[in-house]
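A closer look at the structure
In case you want the letters, here they are:
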Amino acid sequence: GTNQTGTGRQSLAVCEYDECEAGMPGDACTQAGQNCTDPAPTAGSQGDYECTCASPRTGPKGVGKAAGPCELDECTDGAGKACQDAGQACVDGDKQTDGDFV
């Protein structure tokens with residue numbers, strides 16, 4: 001079928017259908033800066049691709065859809081960590097927006 005790849009020698013080809021490849025549904029994860037894995041890359045197992053937030057962002061994974069919301073606490077994992085390392089208070093009011101910590 002379409003979008004399947006594979007080979008066989010003196011037997012049927014074992015075809016893969018990786019939903020994370022470019023142009024496939026899971027490619028939307030990659031385009032959004034997320035990670036995509038297809039645990040069962042076969043035509044018989046569609047819609048099972050998993051999207052996860054790219055580090056250092058965190059959030060719930062999505063199965064058959066984008067992850068998220070992907071958040072970054074800039075006070076512990078981003079540029080604001082320097083404030084805390086210096087013993088200063090840091091507040092990240094919107095963990096989905098970069099550069100807004102105080």
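Residues numbered from 1 in each chain as written. Predicted model: local features only at pLDDT ≥ 70, side-chain atom pairs only at ≥ 80, totals over all residues. Heavy atoms only, no water.

Looking now at the state of the cysteines. Overall, the coordinates contain four disulfides when judged by the stated rule. Note that Cys29 is cross-linked by a disulfide to Cys51, the S-S spacing being 1.5 Å. Residue Cys29 is found in helix α1 (residues 27-31), and its partner Cys51 is found in strand β2 (residues 50-52); the two are separated by 22 residues along the sequence. A relative accessible area of 0% places Cys51 in the buried class. Here Cys75 engages in a disulfide with Cys90; their sulfurs sit 2.0 Å apart. (Disulfide = S-S within 2.5 Å. Helix = DSSP H or I, 4+ residues; strand = E, 2+ residues; numbered from the N terminus. Buried < 20%, exposed > 50% of the residue type's maximum accessible area, 1.4 Å probe, protein only.)

Relative to the assigned elements, Gln34 resides in the loop between α1 and β1 (35-37). For Gln34, a relative accessible area of 11% gives the class buried. A distance of 2.9 Å separates the side chain of Gln34 from the backbone nitrogen of Ala67, its partner in a polar contact. Gln34 has contacts with Cys29, Cys51, Thr52, Ala54, Ala66, Ala67 and Cys70, leaving out every residue within four places of it along the chain. (Polar contact = N/O pair within 3.5 Å; in protein donor to acceptor, adjacent residues only side chain to side chain. Contact = heavy atoms within 4.5 Å.)

Quick look at the side chain of Asp92 now. As for its position among the elements, Asp92 is in the segment after α3 (81-85). Among buried Asp, Glu, Lys and Arg side chains, Asp92 stands out as unpaired, with Lys95 the closest opposite charge at 5.3 Å. Beyond its immediate sequence surroundings of up to four residues, Asp92 is in contact with Leu72, Asp73, Glu74, Cys75, Thr97, Asp100 and Phe101. (Lys, Arg positive; Asp, Glu negative; His and termini not counted. Salt bridge = Lys/Arg side-chain N within 4 Å of Asp/Glu carboxyl O.)

Once that is clear, we can look at the sheet that holds β2. If you trace the three strands from one edge of the open sheet to the other, you get β1-β2-β3, paired in antiparallel fashion. Two strands in the sheet have a free side with no partner beyond their single neighbour: β1 and β3 (62-63). (Pairing = 2+ DSSP bridges.)

Here Gly62 shows up in strand β3. Through-space distance from the C-alpha of Gly62 to that of Cys51 is 5.1 Å; in sequence the pair is eleven residues apart. The contact partners of Gly62, leaving out residues within four places of it in the chain, are Tyr49, Glu50, Cys51 and Ala67.

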